[in-house]
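Close look at the chain arrangement
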Amino acid sequence: MPICSPSSSSSSSSSSSTKSWIIHGLAVGAAAAVALGTHAYLYYRRSGKFRSRVIGIIPARFASSRFQGKPLVHILGKPMIQRTWERAKMATSLDHVVVATDDDKIAECCRGFGADVVMTSESCRNGTERCNEALQKLGEQYDVVVNIQGDEPLIEPEIIDGIVRALQAAPDAVFSTAVTSLKPEDAFDPNRVKCVVDNHGYAIYFSRGLIPFNKSGKVNPQFPYLLHLGIQSFDSKFLKIYPELPPTPLQLEEDLEQLKVLENGYKMKVIKVDHEAHGVDVPEDVDKIEHYMRERNLQ
């Protein structure tokens with residue numbers, strides 16, 4: 001597994017068979033009227049100004065308990081962080097894409113393939129806090145911040161666009177994210193985060209365990225379990241106060257930062273997409289994703 005030495009070749013575009021994505025529950029009707037007031041909501045929607053300025057931030061750190069130096073590991077000849085950045089640049093909803101890191105090696109690598117880099121402190125406890133610090137250092141006005149996981153090198157630009165539109169269409173939410181169908185073999189993998197949503201497309205809970213969990217203790221092949229893809233977008237005003245919110249019991253127990261949002265009573269919009277998830281959590285995942293890419297002739 002070679003590390004860094006960025007490739008200069010551009011990312012291949014998504015294949016013509018790119019899976020379609022489906023937004024669940026984007027109707028805003030009464031919820032929008034309650035949140036903003038009917039007239040204000042219609043004004044912002046018609047004017048196109050509501051949450052219109054969008055930045056994508058890819059938080060990347062070298063130190064990781066499960067996989068040190070993960071952003072720089074090569075996947076078929078390119079650093080993983082480069083592959084993620086190239087995919088993010090294809091999203092039509094993003095006005096700007098930057099990498100936020102506390103590591104000089106990652107920064108040098110990213111600048112080598114043309115990415116804008118914001119240096120952040122080592123004290124950031126998670127990717128969301130790193131995104132917030134990067135946003136403050138940029139000093140520019142954005143309405144929506146998309147936290148793009150650097151370990152999802154095959155993230156589809158359409159998914160990025162989907163969660164941005166979901167947040168723009170849900171003024172009562174401060175956060176949006178994406179889920180896809182959970183594979184049975186991933187049901188009890190704690191690295192694969194599961195999610196349950198309500199009938200209106202808002203998150204109820206996230207867990208490293210299987211949820212919902214039935215009395216048999218086994219996977220129900222008929223139930224549509226959901227896998228969290230990790231990518232998420234925030235209203236920028238909420239992102240500024242997120243670091244000030246104290247850690248919450250469920251967040252600490254599950255080690256999932258999105259639970260702090262839910263435990264503090266904020267709403268989170270969720271879209272369901274058809275996506276073959278290939279996150280890189282541990283070194284063994286590199287071989288798996290390279291095998292997947294070779295089979296589909298992805299460069």
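As the structure is a computational prediction, the values presented were derived from the model and not from experiment.

Before going further, it helps to spend a moment on the packing of aromatic side chains. Evaluated as defined, the whole model comprises seven aromatic pairs. Consider the rings of W85 and F113, whose centres lie 5.3 Å apart with planes at 50 degrees: the pair is tilted. Of the two residues, W85 sits in helix α3 (residues 80-89) while F113 sits in the loop between α4 (104-112) and β6 (116-119), which places them 28 residues apart along the sequence. Each member of the pair, W85 as well as F113, is classed as buried. These aromatic residues form a ring-pair network of at least three members: F175, F234, F238, Y242 and Y266.

Here we take up the nonpolar core. Formed by 37 residues in total, the largest nonpolar core has its most connected members in V146, I160 and I231. It is helix α6 (residues 157-168) that provides the largest number of residues to this core, a total of six residues. With residues up to four places along the chain from it excluded, the contact list for I160 reads A88, A91, S93, L94, V146, I148, I155 and I231. Of all hydrophobic cores here, the second largest spans 29 residues; its members include A134, V145, V193 and Y242.

Moving on: the pattern of salt bridges. Scanning the entire structure with this criterion turns up eleven salt bridges. Salt-bridge contacts for E129 lead to R125; the nearest nitrogen and oxygen are separated by 2.6 Å. Judged by its relative accessible area of 9%, E129 is buried. According to the relative accessible area criterion, R125 is exposed, its value standing at 52%.

Across the two faces of strand β7 (residues 144-147) the burial is the same, with V144 and V146 and V145 and N147 all buried. Note that strand β2 (residues 54-60) and β7 share four bridges and pair parallel. Within the sheet, the bridge partner assigned to I55 lies in β7 and is V145. With four bridges joining them, β7 and strand β11 (residues 226-235) adopt antiparallel strand pairing. Its bridge partner being in β11, V146 is matched across the sheet by S233.

All right, on to the side chain of T248 then. By secondary structure assignment, the location of T248 is in the loop between α7 (236-241) and α8 (249-254). By relative accessible area, which is 9% here, T248 ends up buried. Polar contacts involving the side chain of T248 include one to the side chain of E263, which spans 2.4 Å. What T248 contacts, discounting residues up to four positions off in sequence, is L259, K260, E263 and N264.

As a further point, take the environment of V97. Mapped onto the elements of the fold, V97 is located in strand β5 (residues 96-101). If sequence neighbours within four positions are ignored, V97 has contacts with G56, I58, W85, A88, K89 and D116.

With that settled, consider helix α10 (residues 284-295). With twelve residues, α10 ought to run about 16 Å at 1.5 Å a step, and its terminal C-alpha atoms sit 18 Å apart, in line with that. On the buried face of α10, the contacting elements are β3 (74-75) and α3. Positive backbone phi, at 55 degrees, marks N297, one or two positions downstream of α10.

Summarising the element assignment, K78 is placed in strand β4 (residues 78-79). Here the side chain of K78 touches E86 through a polar contact of 2.9 Å, side chain to side chain.

Let's shift gears to unusual backbone geometry. The linkage connecting I211 with the following residue, P212, adopts the cis geometry, with an omega of -10 degrees. Considering the arrangement of structural elements, one finds P212 in the loop between β10 (203-207) and β11. Unlike most non-glycine residues, R51 shows phi in positive territory, near 50 degrees. Note that R51 resides in the loop between α2 (38-47) and β2. Even without being a glycine, L76 presents a positive backbone phi close to 50 degrees.

Below, the discussion takes up the confidence of the model for the protein chain. Caution is warranted with low-pLDDT regions, since their predicted coordinates should not be read in detail. Per-residue confidence for the protein chain gives a mean pLDDT of 85; residues scoring 70 or more make up 83%. Low pLDDT, under 50, characterises residues 8-47; the predicted model gives this stretch 64 contacts beyond four residues in sequence or across chains.

A few words now on helix α5 (residues 127-138). For α5, spanning twelve residues, the distance from its first C-alpha to its last is 16 Å, which sits close to the expected 16 Å at 1.5 Å a residue. Its side-chain oxygen 3.2 Å from the backbone nitrogen of T128, N126 forms the N-cap of α5.

Let us now look at the environment of L138. Along the chain, L138 turns up in helix α5. Through-space distance from the C-alpha of L138 to that of V98 is 9.8 Å; in sequence the pair is 40 residues apart. In contact with L138, other than residues within four places in its own chain, are I55, V98 and V118.

Parameters and conventions
Residues numbered from 1 in each chain as written. Predicted model: local features only at pLDDT ≥ 70, side-chain atom pairs only at ≥ 80, totals over all residues. Heavy atoms only, no water. Phe/Tyr/Trp six-rings, centres within 6.5 Å; stacked < 30°, edge-to-face > 60°. Helix = DSSP H or I, 4+ residues; strand = E, 2+ residues; numbered from the N terminus. Buried < 20%, exposed > 50% of the residue type's maximum accessible area, 1.4 Å probe, protein only. Core = buried A, V, L, I, M, F, W, Y, C linked by side-chain atoms within 4.5 Å. Contact = heavy atoms within 4.5 Å. Salt bridge = Lys/Arg side-chain N within 4 Å of Asp/Glu carboxyl O. Pairing = 2+ DSSP bridges. Polar contact = N/O pair within 3.5 Å; in protein donor to acceptor, adjacent residues only side chain to side chain. Expected span 1.5 Å × (residues − 1). pLDDT = per-residue confidence, 0-100.

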